[in-house]
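# Structure at a glance
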Amino acid sequence: MTKPIDFTVNGKYVSASPSNEDTPLLNVLRNEFGLMGTRFGCGLEQCGCCMVLIDGQPEKCCTKPISSVAGKSITTVEGLGTAEYPHPLQQAFIDEQAGQCGYCLAGILISAKALLAKSPSPTRKEIALALDGNICRCGSHNRIMRAVEKAAAVMRAGAAS
Amino acid sequence: MNAPLPGPLNDNPSLDRWVAFPAPGKVTINTGRVEIGQGVLTAMAQIASDELDVAMGRIAIHSGDTERAPNEGYTAGSQSIQFGGVAMRQACADVRALFLDQAAKIIGCKAGELSIRDGSILRDGASSGQDYWTLAGAVDLAVKATGTGPRKAVADFKTIGANSARLDLPGKIFGDAVFIHDMKFDGMLHARVVRQPNRGATIGAIDEAAITHAAKGDVSFVRHGDFLAIVGDSETAVDLAGAAAVNHVTWHNVEAPTALQQEAAWLLQRPAIDRVIGAPEPSDAQGKERFEATYSRGHLAHASISPSCGLAEFHDGHLTVWTHCQGVFPLRGMLAKTLGLDASAITVHHAQGSGCYGHNGADDAAADAAIIAMQMPGKPIRVRWRREEEFVYEPKSPAMVVKVRALLDDDGKPADWTQEIWSGTHNKRPGAGGILLGAQALPNPLPEPPPACVPESSGGGGTRNGEPLYDIAAKRIVHHLVTETPVRTSALRGLGAMPNVFAIECAIDELAERAGQDPVAYRLSIIADKRARAVIEKVAAMAKWQSGAPSGGGHGRGIAFSRYKNRAAYCAVVVELDVDEEIRVRHVWCATDAGLVVNPDGAINQIEGGIVQSISWVLKEQVRFDNAVASFDWETYPVLKFSEVPEIDCELINTKDEVPLGVGEVTAGPTAAAIGNAVSHALGARIRDLPLTRERIMAALLKN
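Just so you know, these numbers come straight off a predicted model, no measurement behind them.

## Topic: the overall build of chain A
- When helices and strands are tallied, chain A shows five helices and five strands.
- For chain A, the N- to C-terminal ordering of α and β elements is β-β-α-β-β-β-α-α-α-α.
- Over its C-alpha trace chain A gives a radius of gyration of 16 Å, about what one expects of a compact globule, namely 15 Å for 161 residues.
- For chain A, the spread of C-alpha atoms along the principal axes amounts to about 45 × 35 × 25 Å.
- For chain A, the proportion of its 161 residues judged to be buried stands at 55%.
- In chain A, the proportion of contacts linking residues at least 24 apart, taken out of those at least 6 apart, comes to 60%.

What follows is the structure, given as C-alpha cells:
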C-alpha cells in the first residue's frame, strides 16, 4: 500500500490509496470512486474514451499514474451536469441525438468542454481538430459537431446575458 | 379464427413473453432484440405505445434475456424492425384485443364500443372506470397469440413514424453506469485470458514469477487444458499481468497469418466449395461485346470502440452470464455444449456494450468468463479483453475477390451477367458456423463445424447482393466458398454486400462510360423497379447531379445504388471528393426507401453512421498480417477521424404503406461504390481494389 494521494474530483477532495502508485487514474475513478462515466477504450491513450480534465486540460487517463495527479483538480463527465441540471453540451447532445452506442460520448464531451473554454466560437474545422483525439466508431461525427456548435451558441448567449 | 403470425411471434406465441402490466400505470415489453447502439429499444417502445394505446413514458423495456424475453435468435441483418418489430406490433394488438373483450364483458357492452386512451378504457369516448391495470388480474396473457388483434391503420399512428428521442442516450451522455463494463458484484474478481494463438496450440512454459512480478499485486492463475487466465481482486494488477503474460508464456504448434495471405488475391488458388446459382451459362456468347473486371477487398475488423467484456457466476449448479453479444439464446446453447451443462442450468442476460457492427469478441468474452467461473464456483468473474486482444482475436470480415463478366447488347446494356465470388465464410457465430474462442483451448474441444456460409434464404453471406437488381435477361452467381482462411472470419455489417455492390456498381459505371452515357441515365435505362428508380432520381436531385462533368481534374462525383439483400431497403448514394495523393470525401448525399419508418431521426442516424463507416473501410481499413495479425491498435488500424468526415445529407422516401425494413446495413455497398466511381471520375483512372490507399492512387495515376 502506497501513501494516500490527495486530489479533487468534480470539486470534491478525495484521497486514493491504490496498492500501486502507477495505478492509472482511470482505474481509480472507476474502481475506487465508482465514477463509471470515464470509459476504458484502449489503455494506450489512443481513443479518447477516458478523457478527463486535469487542471482544465483535456487528458487521457488510462495510463496516467495516480501519483501524477496529487494536488490536481480532475473533472469527469459526471462533473459536467446531471439529467436535472444538464450542461449545455449535454443538453445539445440530447437535442441533436448525437450518438449511437454512446461509449465514446463521455470522452468527447470532455474534449468539447475544453475546446469551448478556450474558444467560445469555434469553427467546424476547429471542432473537428479538437475532437480528432476521440474515436467514434458508429459514425455520429456530424451530429456531435452540430451539438458542439449549438452548445457554444447557448453558452455565448448565457455569458452575454 | 387464427391469422398467420409474424415469425418471432410464431416461435414465441405466449403473449406473456411479450407484454406485462406489472404495476398500476406501468407496462413492460419484452423483446429478444438487443440495443447495440441502433436505437431498437426506442423503436420497440414506439410500436408498443401505438398498438397498446399507452404513453411512451409508461413503457419499460426488457431485452435479451433467456429467462423472460422471447427467443428471436440474433439481433442482426437489419431485421429487428422488419421481423421483431412486426411481431411486437401483433403481440401488442392481440393483448389490446383481449383487454377490450374483458372490459366489454364487465361493462356489459360490445368491444366495438370501446377504445383505449393512454391505458384507460373509454366507452363512446367517455371513461368506463376500467383500464389495463384494473383488468390485468382477470386477463390471462399466458395464452397463445392469435394474430387477430386489429393492428392500427397507418393513418392512426401517433408515435410510429414520428421522431422519438432515444431512450438510452441520456444515460450515456451523463456518464451513468449503463454498459456491461460498468457492472459490479460483491466479491467480483477481474480476469484476463492468456490467449491460445490458434486452435491446436499448446502451452509450453508459463513463467509465473515474471508475470506475478509484473502485476505488482496479487494474482492467481486458472488453467483448464490450454485455457489460461489470470484472476485477481485488483483490475490494475490483472491488467499488468495479462499484458506481461504475452511475453512470459510460450506456445507450441503456433500458426500465424503471413503477409502473402493478407491480400484478397490469395483466395483465388485455395480449396473451395463451388456453386453456381441462377441462370445457366449462355451457349450463344460468340460475337457479343464482352466486359470483364475484377474487384477486391481485404479483411476488415469490427474495431468496436470498447474491447469485449463478459461476466459470469457459477452458483449451486447454475451458471449466470452477462454479455453484450447479439444473441443470448444461441450463446446459451453453445455454452451448454461447451461446458457440459444443460441449457436450463444457464441464464444469459444481455447488457449493453459499445457498437459491435456484427460478430465481434462479445460472445467469446462471455465464454471466457463462464469457463473461469466454472473453475471458481461462487465467485463472480469479470473478463475484459485487452485492446490488442480484441483486434487480433475478434473474427474478421473475410477478404473477397469479385469478378464481373457481362455480355452486352447492341445498345451497350448488359444482357448476361456473371458475378464470380471468392470469399471465406461470413458466419462463424457460435452455434451457427463456429465455436466459442476459449472453447478451442479446453481439453477435447468441440469439433470445428464444417465450412458453410449464410444460406441465400437468409440473404446469403459471400453471395449477399451478388446479383445485380438491374433488368438483365440472364444472371448468375459463381460462388467459391474458400474453406480455409488465414484468420477466423465472420459477420460484419452487410456481410458480402459491400464487396458485391462495390463490384456491381463500379462495373455499371464502367459500362455507362463505355456506352458514352451518364451514369444516372444509364442506371435508369436498365431498371424498371419503381422504388429503385425513385431513390436514384431522388439522390440525383439532392446532389444536383449534372451529366458530362469533366473527368480527371482531381475532383470527382460518383453515384451508386443497391437494394439491400435484393429484398430489403433501397438506397442510392452520391459522393463528391477530391484526390491528390489521398482522397478527401467532401460531401455525401443519400436517399433511402425503407418502407414504414418507425423513428425517422433514428433511421437517419443509422444511415449516416453506415455512410461514415463505409468511407472509413474504403479509404483506410485493411487488417494487416505479418507472421501475426499486425493490426493490433488504433495506430496500426486507423479509422476515419472527425476532421475527415464529410458533410452528409440524408433523406427518407416515405412509403408508409410498405413493410418496415432495416437501415443499418443499406449504405455500406452504395457508399463504397459511389466513392470508387467518384475516384475514377476524379482521376480518369479506375482503382478496383480496396482500400483506396495512396499506393493504389499513385499506381493508377502512373498507369494513366
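## A look at the sheet that holds strand β2 (residues 27-31) of chain B
All names here are of chain B.
- With mixed pairing, three strands are arranged side by side in an open sheet as β1-β2-β3. If you trace the sheet from one side to the other, it starts and ends with β1 (19-20) and β3 (59-63), each paired once.
- Contacting β2 and β3, helix α2 (residues 40-52) runs over the sheet at an angle of about 130 degrees to β3.

## Regarding the domain arrangement of chain B
Residues and elements named next belong to chain B.
- Annotation of chain B at the domain level lists domain 1 (7-172), domain 2 (181-254 + 304-390) and domain 3 (400-426 + 461-703).
- If you average the C-alpha positions of domain 1 and of domain 3, the two centres end up 38 Å apart.
- With 19 residues of domain 1 in contact, the opposing surface of domain 3 contributes 21 residues.
- Among the elements of the structure, α2 and α3 (80-107) are those that each provide at least two residues to the side of domain 1 that touches domain 3.
- Class assignment of the residues belonging to the side of domain 1 that touches domain 3 gives a composition of six nonpolar, twelve polar and one charged.

## A few points about helix α9 (residues 328-339) of chain B
Residue and element names in this part refer to chain B.
- End to end, α9 covers 16 Å across twelve residues, agreeing with the expected 16 Å (1.5 Å per residue, within 8%).
- Turning to α9, its buried residues are Val-328, Phe-329, Leu-331, Arg-332, Met-334, Leu-335 and Thr-338.
- Those residues of α9 that are buried are in contact with β15 (318-323), β16 (346-350) and α10 (362-375).

## Some thoughts on the nonpolar core
All names here are of chain B.
- By size, the foremost hydrophobic cluster in this structure holds 263 residues, and its most contacted members are Ala-369 and Val-539.
- When residues in this core are grouped by element, the largest group, 13 residues, is from α3.
- Beyond its immediate chain neighbours, meaning those up to four positions away, Val-539 contacts Ile-559, Ala-572, Val-573, Val-574, Trp-589, Cys-590 and Ala-591.

## Things to note about unusual backbone geometry
Residue and element names in this part refer to chain B.
- Here the bond from Leu-690 into Pro-691 is cis, since omega is 0 degrees, no more than 30 degrees from zero.
- With respect to the helices and strands, the residue Pro-691 is situated in the loop between β25 (689-690) and α17 (694-703).
- At Lys-216, a position not held by glycine, the phi torsion is positive, near 50 degrees.
- Looking at the secondary structure, you find Lys-216 in the loop between α6 (208-215) and β9 (220-224).

## A few points about the interface of chain B and chain A
- Across the boundary between the two partners, chain B contributes 45 residues, which contact 47 residues of chain A.
- The dominant element in the side of chain B that touches chain A, judged by the number of residues it contributes, is helix α15 (residues 600-620) of chain B, at eight residues.
- Residue composition of the side of chain B that touches chain A, by class: 17 nonpolar, 16 polar and twelve charged.

## Considering the environment of A:Ala160
All names here are of chain A.
- Within the secondary structure, Ala-160 is located in helix α5 (residues 141-160).
- Classification of Ala-160 as exposed rests on a count of 6 C-beta atoms within 10 Å.
- Remark: the alpha-carbon pair of Ala-160 and Ile-94, spanning 66 residues in sequence, is separated by 24 Å.

## Looking at the domain arrangement of chain A
All names here are of chain A.
- When the domains of chain A are assigned, the result is domain 1 (5-79) and domain 2 (88-160).
- Computed from C-alpha coordinates alone, the two centres of domain 1 and domain 2 are separated by 21 Å.
- Across the contact, 14 residues belong to domain 1 and 13 residues belong to domain 2.
- Every element with two or more residues in the side of domain 1 that touches domain 2 is listed here: β3 (51-54) and β4 (57-60).
- Element by element, the count of residues in the side of domain 1 that touches domain 2 is highest for β3, at three residues.
- Per-class residue counts for the side of domain 1 that touches domain 2 are eight nonpolar, five polar and one charged.

## Concerning the sheet that holds strand β5 (residues 73-75) of chain A
Residues and elements named next belong to chain A.
- Here five strands make up an open sheet; going across it, the order is β2-β1-β5-β3-β4 and the pairing mixed. Each having just a single partner strand, β2 (12-16) and β4 make up the two edges of the open sheet. Each adjacent strand pair in this sheet contributes to an overall mean axis angle of 40 degrees, direction not counted.
- Direction of pairing for β3 relative to β5: antiparallel, over a ladder of two bridges. From the neighbouring strand, Leu-53 faces β5, where its bridge partner is Thr-75.

## Some details on the packing of helix α2 (residues 88-95) of chain A against helix α3 (residues 105-118) of chain A
Residues and elements named next belong to chain A.
- Contact pair α2 / α3: the axes reach a minimum separation of 10 Å and the direction vectors enclose 130 degrees. As far as their axial angle goes, α3 and α2 are oblique. Seen from above, α2 lies across α3 with right-handed handedness. Side by side, α2 and α3 meet where Leu-89, Gln-90 and Phe-93 of the first sit next to Leu-105, Leu-109, Ala-112 and Lys-113 of the second.
- Along the lines of polarity and charge, the residues of the contact of α2 with α3 split into five nonpolar, one polar and one charged.

## Notes on the packing of α15(B) against helix α16 (residues 668-683) of chain B
Residue and element names in this part refer to chain B.
- Contact pair α15 / α16: the axes reach a minimum separation of 8 Å and the direction vectors enclose 50 degrees. Our classification of the angle between α15 and α16 gives oblique. As α15 packs across α16, the resulting crossing turns out to be right-handed. In this structure, α15 contributes Gly-610, Ile-611, Ser-614, Ile-615, Trp-617 and Val-618 to the contact, and α16 contributes Ala-668, Thr-671, Ala-672 and Ile-675.
- In the contact of α15 with α16, the residues fall into seven nonpolar, three polar and no charged.

## Some details on helix α4 (residues 124-131) of chain A
Residue and element names in this part refer to chain A.
- Within the sequence span of α4, burial applies to Ile-127, Ala-128, Ala-130 and Leu-131. Angularly, the buried residues of α4 cover 165 degrees about the axis, an arc narrow enough to put them on a single face.
- Looking at the buried residues of α4, the elements they touch are α3 and α5.

## What to know about the pairing of strand β14 (residues 309-315) of chain B
Residues and elements named next belong to chain B.
- The buried count for β14 comes to six of seven residues, which makes it a mostly enclosed element.
- With four bridges connecting them, β14 and strand β17 (residues 381-384) associate as antiparallel partners. Its bridge partner being in β17, Ala-312 is matched across the sheet by Ile-381.
- Examined bridge by bridge, β14 and β15 share six bridges and lie antiparallel to one another. Its bridge partner being in β15, Glu-313 is matched across the sheet by Thr-320.
- Where β14 folds back on β15, the antiparallel hairpin that results is connected by two residues, among which Asp-316 adopts a positive phi of roughly 50 degrees.

## A closer look at the environment of B:His224
Residue and element names in this part refer to chain B.
- Relative to the assigned elements, His-224 resides in strand β9.
- Sequence spacing of His-224 and Ile-371 is 147 residues, and the spatial spacing of their C-alpha atoms is 8.5 Å.
- Setting aside residues up to four positions removed in sequence, His-224 forms contacts with Ile-371, Gln-375 and Leu-442.

## As for the environment of B:Val402
Residue and element names in this part refer to chain B.
- Summarising the element assignment, Val-402 is placed in strand β18 (residues 400-408).
- Sequence-wise, Val-402 and Val-612 are 210 residues apart; in three dimensions their C-alpha atoms are separated by 23 Å.
- Beyond its immediate stretch of four places on either side in the chain, Val-402 contacts Tyr-295, Gln-419, Ile-421, Pro-499, Asn-500 and Ala-503.

## Some remarks on the confidence of the model for chain B
- Per-residue confidence for chain B averages 96 on the pLDDT scale, and 100% of its residues sit at or above 70.
- Across the interface, the model reports ipTM at 0.98; the global pTM reads 0.97.

Reading guide: rules and limits
- Residues numbered from 1 in each chain as written.
- Chains lettered and ligands numbered in written order.
- Predicted model: local features only at pLDDT ≥ 70, side-chain atom pairs only at ≥ 80, totals over all residues.
- Helix = DSSP H or I, 4+ residues; strand = E, 2+ residues; numbered from the N terminus.
- Rg over C-alpha atoms; globule rule 2.2 N^0.38 Å.
- Buried ≥ 20, exposed ≤ 12 C-beta atoms within 10 Å, placed from the backbone.
- Contact = placed C-beta atoms within 7 Å.
- Pairing = 2+ DSSP bridges.
- Axes fitted to C-alpha atoms, helices over the stretch in contact; angles between N-to-C directions.
- Domains from an automatic or database assignment.
- Nonpolar A, V, L, I, M, F, W, Y, C, P; charged D, E, K, R; others polar.
- Expected span 1.5 Å × (residues − 1).
- Core = buried A, V, L, I, M, F, W, Y, C linked by C-beta atoms within 7 Å.
- Parallel < 35°, antiparallel > 145°, perpendicular 65-115°, else oblique.
- Left-handed = near helix turned anticlockwise from the far one by under 90°.
- Arc of directions from axis to C-beta.
- pLDDT = per-residue confidence, 0-100.

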